[in-house]
Amino acid sequence: MDRLPAEILLRILSYLQPKLGPLLRVNKQWFYCGLSLVWREAFWSDLSRIPKDRRILYATAIRRLFLWETAREQVEEFSHFAYPRLKHLNIGSDPSAKVDIAWLKRYMHAELQSIEFLGDFDPELLLHLQTNCRQLRKISITAPGARLTPEIFLRFLQNTLVTEISFEGNNIGHLLDLDTLGHLVRRENLEELSLGCTIKKLPKDIKTWEHGRSFQKLCVKVTHDVLPSFISNFTSLHDLNLDVEGEQRSKPTSIDFNHLSALTQLRRLNICLNGVKDFDKGDLLFIKDLKHLRELGLTGTITVALTATEFNDLDFEELVATLPNLRVLTFHMYRLYLTTQTLAALGQFCPLLERCDLMGGFNMLQLRLYQTPLFPRLHSLCIRDFTSLVIDRTGMKAPTKLGFESPEDHVKQLEEHFPKLQDLTLTYANDTRFSRLDEHEFSNSVLYKWRARQEERERCFLENYS
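Residues numbered from 1 in each chain as written. Predicted model: local features only at pLDDT ≥ 70, side-chain atom pairs only at ≥ 80, totals over all residues. Heavy atoms only, no water.

Draft legend 1. Representation of the pairing of strand β5 (residues 138-142). By the bridge criterion, five bridges tie strand β4 (residues 114-118) to β5 in an arrangement that is parallel. Looking at β5, one finds that phenylalanine 117 is bridged to isoleucine 141. Handedness of the crossover joining β4 and β5 through helix α7 (residues 124-132): right-handed. Where β5 lies against strand β6 (residues 164-168), five bridges are found, and the strand directions are parallel. Bridge pairing in β6 links isoleucine 141 to phenylalanine 167. Note on the crossover from β5 through helix α8 (residues 150-158) to β6: the handedness is right-handed. (Pairing = 2+ DSSP bridges. Helix = DSSP H or I, 4+ residues; strand = E, 2+ residues; numbered from the N terminus. Right-handed = clockwise from strand over helix to strand, strands pointing away.)

Below you can see the structure in the form of structure tokens.
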């Protein structure tokens, strides 16, 4: 092992994290290779625990460093170290600490690629980044103070090549005036943008804006009336996280999501609606045009806020039939009465599915009619519950039972159709349609017996391995 090339040893040690610390004492080669892994990320407090005569050595391995201005003495001491591998810097700011800005600037060398500011930082640091950190590509700002004005930040953006920009926390709204928002949308090299405040108003000329062709990821909060005009400007997006502010919670929200059909390049789409809405088939037709989707999420801030009383099995199947590349599905619709036939159709239409979260109750015995496995890759499943009832997908007939069904029979179908399932969760979302005590107990029995079979399988594997 002493003669292993460093590249191979690094690869081996990378599989041993996070229990790598003791192995650094094996020999000198293991120490230096392991150091670059263990100390890839470090807080100022981590360096403080190292003997003073060895801190410089450990600093050479750090790629991401977290500083907090309240640790004033350490910020000054550590600023004199060389950080040849430092690419990412996080600074928690506190003006009351009265940290000399020159100390912070020493950490911001020419090789820095990303920086995150938390709190009321000195805007002079942006000027230093602008002139000295030409490789900077990502900046994140959380809860800035009043010292950072829209004019200062816009000037920084206009004179840097950052491609990823993120805003979070309080006091963000004042930074995103119409001039800054206009620059961000039109910025040619922008690839990722996260806006942590709600966009309530748009410039009158937004329809004439031309966004950069490289723009691929957007995380934004908008009001329901602003959504159509705002989102139609980003047809190149691959990843969209959309928080939509609806009407007051007691009032149903009228919102048109079909403008999203223009985003045909989307790979990931996650929508969270803060409001009340009853979806019908027409509200979700846009999904059929997003044929490249790998991840789809539709949720509400309140469990019972999103309903789909007029949405049936065939409507759902029509949507997923166009999504052969789907890996992740989260569909939180209260009282969405999907049947086991639709669950089977989901497996047939989306064979690559790995995680699935549906608010439905399913009879696993009905899967006996289908060729196994329906979900060859699925490892995480979250549903409302299991049921021993056979539900008529037309809703015209009352639920019936096939006869005597044991929980073990359902577990067997789970194992055959979900061979890689590792995580099984039941939400038991309140549903008065079929809520019966015996069904609830039956659902629990299926879950507990499946978990028992998993634990037994793992125990046998460990015994054979040892």
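Draft legend 2. Region of interest: the confidence of the model for the chain. Scored by pLDDT, the chain has a mean of 84; 83% of the residues are at 70 or more. For the chain, the element scoring lowest by mean pLDDT is helix α1 (residues 6-14), at 64; β4 scores highest, at 97. (pLDDT = per-residue confidence, 0-100.)

Draft legend 3. Local environment of the pairing of strand β2 (residues 64-68). With four of five residues buried, β2 lies mostly within the body of the structure. The pairing of strand β1 (residues 41-43) with β2 spans three bridges and is parallel. Its bridge partner lying in β2, alanine 42 is registered against leucine 65. Where β2 and strand β3 (residues 88-92) come together, five bridges link them in parallel fashion. Bridge pairing in β3 links tryptophan 68 to glycine 92. (Buried < 20%, exposed > 50% of the residue type's maximum accessible area, 1.4 Å probe, protein only.)

Draft legend 4. Examining α8 more closely. Among the residues of α8, Pro150, Phe153, Leu154, Phe156 and Leu157 are the ones counted as buried. One face of α8 carries all of its buried residues, which in axial projection span an arc of 155°. Those residues of α8 hidden inside the fold are in contact with α7, β5, β6 and α9 (178-186). (Arc of directions from axis to C-beta. Contact = heavy atoms within 4.5 Å.)

Draft legend 5. Highlighting the layout of surface pockets. Taken as a whole, the largest pocket holds about 240 Å³ of empty space. Around the largest pocket, the lining residues are Glu415, Phe418, Pro419, Lys420, Leu421, Gln422, Trp450, Arg451, Gln454, Glu455, Arg457 and Glu458. (1 Å grid on protein atoms, 1.4 Å probe; cavity = no way out; pocket = protein on both sides within 12 Å on 5 of 7 lines; lining within 4 Å. Points joined across faces, edges and corners; volume = space filled by probe spheres on them.)

Draft legend 6. Here's a closer look at the packing of aromatic side chains. On inspection of all chains with the given rule, the structure shows 12 aromatic pairs. Ring plane angle 70° and centroid distance 5.4 Å describe the contact between phenylalanine 316 and phenylalanine 331, whose orientation is recorded as edge-to-face. Placement of phenylalanine 316 in helix α11 (residues 313-320) and of phenylalanine 331 in strand β14 (residues 328-331) is noted, with a sequence separation of 15 residues between them. As far as the burial class goes, phenylalanine 316 and phenylalanine 331 line up, both buried. Ring plane angle 5° and centroid distance 4.8 Å describe the contact between phenylalanine 375 and phenylalanine 418, whose orientation is recorded as stacked. Within this pair, whereas phenylalanine 375 is found in the loop between β16 (361-362) and β17 (380-383), its partner phenylalanine 418 is found in the loop between α13 (407-417) and β21 (423-426), the two being separated by 43 residues in sequence. Each of the two residues, phenylalanine 375 as well as phenylalanine 418, counts as buried. (Phe/Tyr/Trp six-rings, centres within 6.5 Å; stacked < 30°, edge-to-face > 60°.)

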